[in-house]
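One-letter residues, chain by chain:
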Number of protein chains: 2
Amino acid sequence: MSDQLSRVPPQDVRTVTCVGAGVIGGGWVAYFLSRGYRVVAWDPAEDAEARLRHLVGTAWTALTDLGLAPGASPDSPFDNLTVVPDLTDACAQADFVQESAPEDLELKRTLLADIDAATPEHVVISSSTSGYGMSEMQVRCAHPERTVVGHPFNPPYLIPLVEVVGGTATSPEVVAWTSDFFRHAGKSVITMDSEVPGFIANRLQEALWREALHMVAEGEATVEQIDLSITDGPGLRWAIQGPMLTFHLAGGQGGMAHMLDHFGPSLLSPWTRLTAPELTPELRDAVVDGCEREAGGRSVDDLVAERDRGVIAILRALGRV
Amino acid sequence: MSDQLSRVPPQDVRTVTCVGAGVIGGGWVAYFLSRGYRVVAWDPAEDAEARLRHLVGTAWTALTDLGLAPGASPDSPFDNLTVVPDLTDACAQADFVQESAPEDLELKRTLLADIDAATPEHVVISSSTSGYGMSEMQVRCAHPERTVVGHPFNPPYLIPLVEVVGGTATSPEVVAWTSDFFRHAGKSVITMDSEVPGFIANRLQEALWREALHMVAEGEATVEQIDLSITDGPGLRWAIQGPMLTFHLAGGQGGMAHMLDHFGPSLLSPWTRLTAPELTPELRDAVVDGCEREAGGRSVDDLVAERDRGVIAILRALGRV
């Protein structure tokens with residue numbers, strides 16, 4: 001395909017066009033500027049440019065503190081930023097497009113079609129959508145094969161994760177290119193094989209959030225108690241080891257296998273309103289094997305020591321000890 | 001009541017008896033030793049003392065690094081530890097008892113009754129149970145009024161959170177005493193007004209965990225992807241700001257009110273298998289008001305700056321930037 005042949009290598013992207021410049025879009029603008037890209041931004045809101053400059057200015061303190069990439073302006077974040085009033089103009093200049101419009105399917109469908117029409121055919125168009133599949137968003141594009149989801153976390157200029165997943169009409173080569181591009185840009189990338197509503201982290205976060213809302217609705221916990229229960233509890237572990245490795249260590253020397261055998265029955269407890277999956281032998285083995293792979297030869301003692309060093313470092317870094 | 005009158009003030013507790021010395025019980029032993037308490041431990045398992053000494057020895061590196069309290073032995077954690085072969089002996093010496101037996105209701109009922117019979121009447125007996133209510137565990141105790149849940153997080157020697165909640169027969173004065181004791185011992189305490197299965201943090205964690213298991217069972221994500229999606233995504237925020245304040249900032253300058261108005265409809269999305277609560281005006285206001293109270297006059301800009309400093313500090317502390 002000609003578009004594939006003429007696509008710039010991920011490391012040669014120079015100009016990123018950011019469509020939509022709210023909390024997420026503006027965060028992307030700040031991030032790409034700090035990584036040395038030239039950024040063209042477009043947002044139809046009246047006060048968009050003022051809000052964008054406020055957000056980028058605030059983020060810049062953090063980003064210069066972390067260290068700017070070669071090409072980023074040490075004097076002002078605005079040196080490499082162009083805010084243009086016209087979407088077609090913005091897209092015509094792009095080596096890569098990141099769309100971060102409000103979460104509205106009809107709006108996204110129309111906007112992606114407009115971006116698609118205005119962007120050179122070889123350029124990849126990525127969407128920050130928090131939950132729509134690209135399959136349902138790309139339906140009006142003439143070149144849907146170069147549209148893909150690149151889902152960040154707030155703030156995109158500090159949180160490393162980007163989830164990359166294509167729709168049914170997306171070329172697998174575009175999924176791979178986009179993953180490479182985000183990695184080259186300094187992101188931590190999860191490339192998903194198939195579309196799942198909400199992707200991965202948002203599904204996990206949403207399950208927690210819904211349970212929290214239920215607890216507030218039932219008068220079981222206050223907003224403050226919910227936040228404290230996370231920041232002073234499992235939240236301190238989750239920056240270091242995810243939920244799977246966390247429970248691998250809850251099993252003591254026996255690891256996840258022991259944990260599932262010991263706490264498996266608690267899946268039947270009414271601890272959340274989320275119905276548990278059946279803990280089949282296949283699921284048990286998949287989880288145990290996954291933890292072993294992830295541990296990659298590190299013993300439970302090694303992982304405990306890593307976690308403990310991490311928790312102490314976090315408590316110190318946050319000035320809590 | 002005579003037991004209340006003769007109860008030592010929380011700050012005068014000297015000897016803590018730890019019943020059960022596995023991952024959680026052993027973690028408590030290490031923590032109390034580091035805070036300068038004398039600890040008496042009992043565990044019926046054959047190799048319990050060897051495992052306990054291994055766990056405490058490992059934890060001690062972290063704990064001495066954090067700084068020991070006056071009274072803790074700088075030479076060896078074992079100076080103030082006595083492991084006794086007899087439960088009655090162990091309980092007779094206690095100013096406070098922390099029970100951390102395996103999660104088995106019948107076992108807990110019998111064990112708590114045995115502890116109750118062996119412990120001086122004025123001494124509080126706390127359980128590390130991850131999910132049982134004290135109402136269902138205290139049924140065989142002669143003095144259930146001094147039994148209470150004090151639920152820690154793994155590892156209890158580093159994670160600050162303890163959830164304190166009584167059962168129907170627990171004296172409110174014991175709930176207050178226990179909260180004061182844990183606070184005096186350096187813990188971050190949530191005192192719950194009523195029993196909810198799994199308390200607060202475990203309900204939230206369990207919702208996330210069940211969704212994760214569903215994703216593995218359905219082949220939607222691997223164990224490694226699930227962990228990476230948390231450690232490189234929302235996990236970095238949750239050590240700083242809980243799920244409520246996190247979404248308060250997702251709303252931009254409009255805060256939680258804007259966030260609920262914008263993303264509220266996504267509660268209807270199939271993003272998790274957990275059915276969402278109805279976002280009634282009452283629930284919306286409870287969440288918005290809670291965030292305002294928690295923000296305590298800090299603007300969204302203030303909170304964003306705090307979060308950004310925190311994320312950077314964590315990334316640095318973990319050696320990731």
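Residues numbered from 1 in each chain as written. Chains lettered and ligands numbered in written order. Predicted model: local features only at pLDDT ≥ 70, side-chain atom pairs only at ≥ 80, totals over all residues. Heavy atoms only, no water.

### Examining the overall build of chain A
No. 1: If you tally the helices and strands in chain A, you get 14 helices and eight strands.
No. 2: For 321 residues, the compact-globule formula gives about 20 Å, and the C-alpha radius of gyration of chain A, at 22 Å, lands near that figure.
No. 3: For chain A, with 321 residues in total, the buried portion stands at 61%.
No. 4: A separation of at least 24 residues holds for 69% of the contacts in chain A among residues at least 6 apart in sequence.
No. 5: For chain A, the accessible area works out to roughly 11400 Å², and carbon and sulfur atoms hold 52% of it.
No. 6: If you average the places of the 23 positive and of the 44 negative side-chain charges in chain A, the two averages end up 4 Å apart. (Helix = DSSP H or I, 4+ residues; strand = E, 2+ residues; numbered from the N terminus. Rg over C-alpha atoms; globule rule 2.2 N^0.38 Å. Buried < 20%, exposed > 50% of the residue type's maximum accessible area, 1.4 Å probe, protein only. Contact = heavy atoms within 4.5 Å. Areas by Shrake-Rupley, 256 points an atom, 1.4 Å probe, with all protein chains shown as cover. Lys, Arg positive; Asp, Glu negative; His and termini not counted. Charge placed at Lys NZ, Arg CZ, Asp CG, Glu CD.)

### A short note on empty space enclosed by the protein
No. 1: This model, assessed by the stated rule, comprises two cavities of 30 Å³ or more.
No. 2: Its boundaries defined by the atoms lining it, the largest cavity holds a volume of some 40 Å³.
No. 3: For the largest cavity, the full set of lining residues is A:Asn154, B:Arg237, B:Gln241, B:Thr246, B:Leu249 and B:Arg307.
No. 4: When grouped by side-chain class, the residues that make up the lining of the largest cavity number one nonpolar, three polar and two charged.
No. 5: When its volume is computed, the second largest cavity comes out at roughly 30 Å³.
No. 6: Along its surface, the second largest cavity is lined by A:Ala21, A:Ala41, A:Trp42, A:Asp43, A:Ala48, A:Glu49, A:Leu52 and A:Val83.
No. 7: Counting residues per element, the ones that place at least two in the lining of the second largest cavity are strand S2 (38–42) and helix H3 (48–66) of chain A.
No. 8: Counting residues per element, the lining of the second largest cavity draws most heavily on H3(A), which supplies three residues. (1 Å grid on protein atoms, 1.4 Å probe; cavity = no way out; pocket = protein on both sides within 12 Å on 5 of 7 lines; lining within 4 Å. Points joined across faces, edges and corners; volume = space filled by probe spheres on them. Nonpolar A, V, L, I, M, F, W, Y, C, P; charged D, E, K, R; others polar.)

### What to know about the pairing of strand S5 (residues 124–127) of chain A
Residue and element names in this part refer to chain A.
No. 1: A two-sided burial pattern is seen for S5, the buried positions comprising Val124 and Ser126 on one face and Ile125 and Ser127 on the other.
No. 2: Remark: the strand S4 (residues 96–99)/helix H5 (residues 105–118)/S5 crossover connection has right-handed handedness.
No. 3: Bridge count for S5 against strand S6 (residues 147–152) is three bridges, and the pairing is parallel. Along S6, the bridge assignment pairs Ile125 with Thr147. (Right-handed = clockwise from strand over helix to strand, strands pointing away. Pairing = 2+ DSSP bridges.)

### Description of helix H11 (residues 243–250) of chain B
Note: α-helices contain 3.6 residues per turn, so residues at a spacing of three or four share the same orientation.
Residues and elements named next belong to chain B.
No. 1: Burial of H11 is extensive: seven of the eight residues sit out of reach of the surface.
No. 2: Taken as a whole, H11 has its buried residues at Pro243, Met244, Leu245, Thr246, Phe247, His248 and Leu249.
No. 3: Where H11 terminates, the next one or two residues include Gly252, which has phi positive at roughly 65°.

### Let's talk about the sheet that holds strand S3 (residues 81–83) of chain A
Sheets are built from strands paired through backbone hydrogen bonds, the pairs being either parallel or antiparallel.
Residue and element names in this part refer to chain A.
No. 1: With respect to topology, eight strands assemble into an open sheet ordered S3-S2-S1-S4-S5-S6-S7-S8, the strand pairing being mixed. Lying at the two open borders of the sheet, with one neighbouring strand each, are S3 and strand S8 (188–191). On average, each strand axis in the sheet is tilted by 25° relative to the strand beside it, whichever way the strands run. (Axes fitted to C-alpha atoms, helices over the stretch in contact; angles between N-to-C directions.)

### Some details on the UniProt feature "domain: 3-hydroxyacyl-CoA dehydrogenase C-terminal" (unreviewed entry) in chain A
No. 1: UniProt feature "domain: 3-hydroxyacyl-CoA dehydrogenase C-terminal" (unreviewed entry): in the numbering of this structure it lies at residues 198–266 of chain A.
No. 2: Strand forms 0% of residues 198–266 of chain A and helix 70%; the C-alpha atoms that close the span are 26 Å apart. (UniProt positions renumbered as here; feature names shortened; annotations may be inferred.)

### Some points on the relation of the copies chain B and chain A
No. 1: When chain B is brought onto chain A, the operation consists of a screw motion whose angular component is 180° and whose axial shift is 0.0 Å, with 0.0 Å RMSD remaining. Such a turn and shift between the copies fits a two-fold axis. Among all residues of chain B, the minimum C-alpha distance to the rotation axis is found for B:Leu274, at 2.2 Å.
No. 2: A shared binding surface is used by both copies, with 99% of the interface residues of chain B retained as interface residues in chain A. (Least-squares fit on C-alpha atoms with pLDDT ≥ 70 in both.)

### Side note on the side chain of A:Ser188
No. 1: Among the structural elements, A:Ser188 can be located in strand S8.
No. 2: Residue A:Ser188 is classed as buried on the basis of its relative accessible area, which comes to 13%.
No. 3: In this structure the side chain of A:Ser188 is engaged in a polar contact, spanning 2.6 Å, whose partner is the side chain of B:Asp232.
No. 4: If sequence neighbours within four positions are ignored, A:Ser188 has contacts with A:Pro160, A:Leu161, A:Val162, B:Leu228 and B:Asp232. (Polar contact = N/O pair within 3.5 Å; in protein donor to acceptor, adjacent residues only side chain to side chain.)

### Considerations on the domain arrangement of chain A
No. 1: In terms of domain boundaries, chain A breaks down into domain 1 (2–191) and domain 2 (233–317).
No. 2: On a C-alpha basis, the centres of domain 1 of chain A and domain 2 of chain A stand 35 Å from each other. (Domains from an automatic or database assignment.)

### Some details on the environment of B:Glu195
All names here are of chain B.
No. 1: For Glu195, the location among the structural elements is in the loop between strand S8 (188–191) and helix H8 (201–217).
No. 2: Between the C-alpha atom of Glu195 and that of Met137, which follows or precedes it by 58 residues, the distance is 12 Å.
No. 3: Of the polar contacts made by the side chain of Glu195, one reaches the backbone nitrogen of Met134; its length is 2.7 Å.
No. 4: Among the polar contacts listed, one links the side chain of Glu195 to the side chain of Ser135, at a separation of 2.4 Å.

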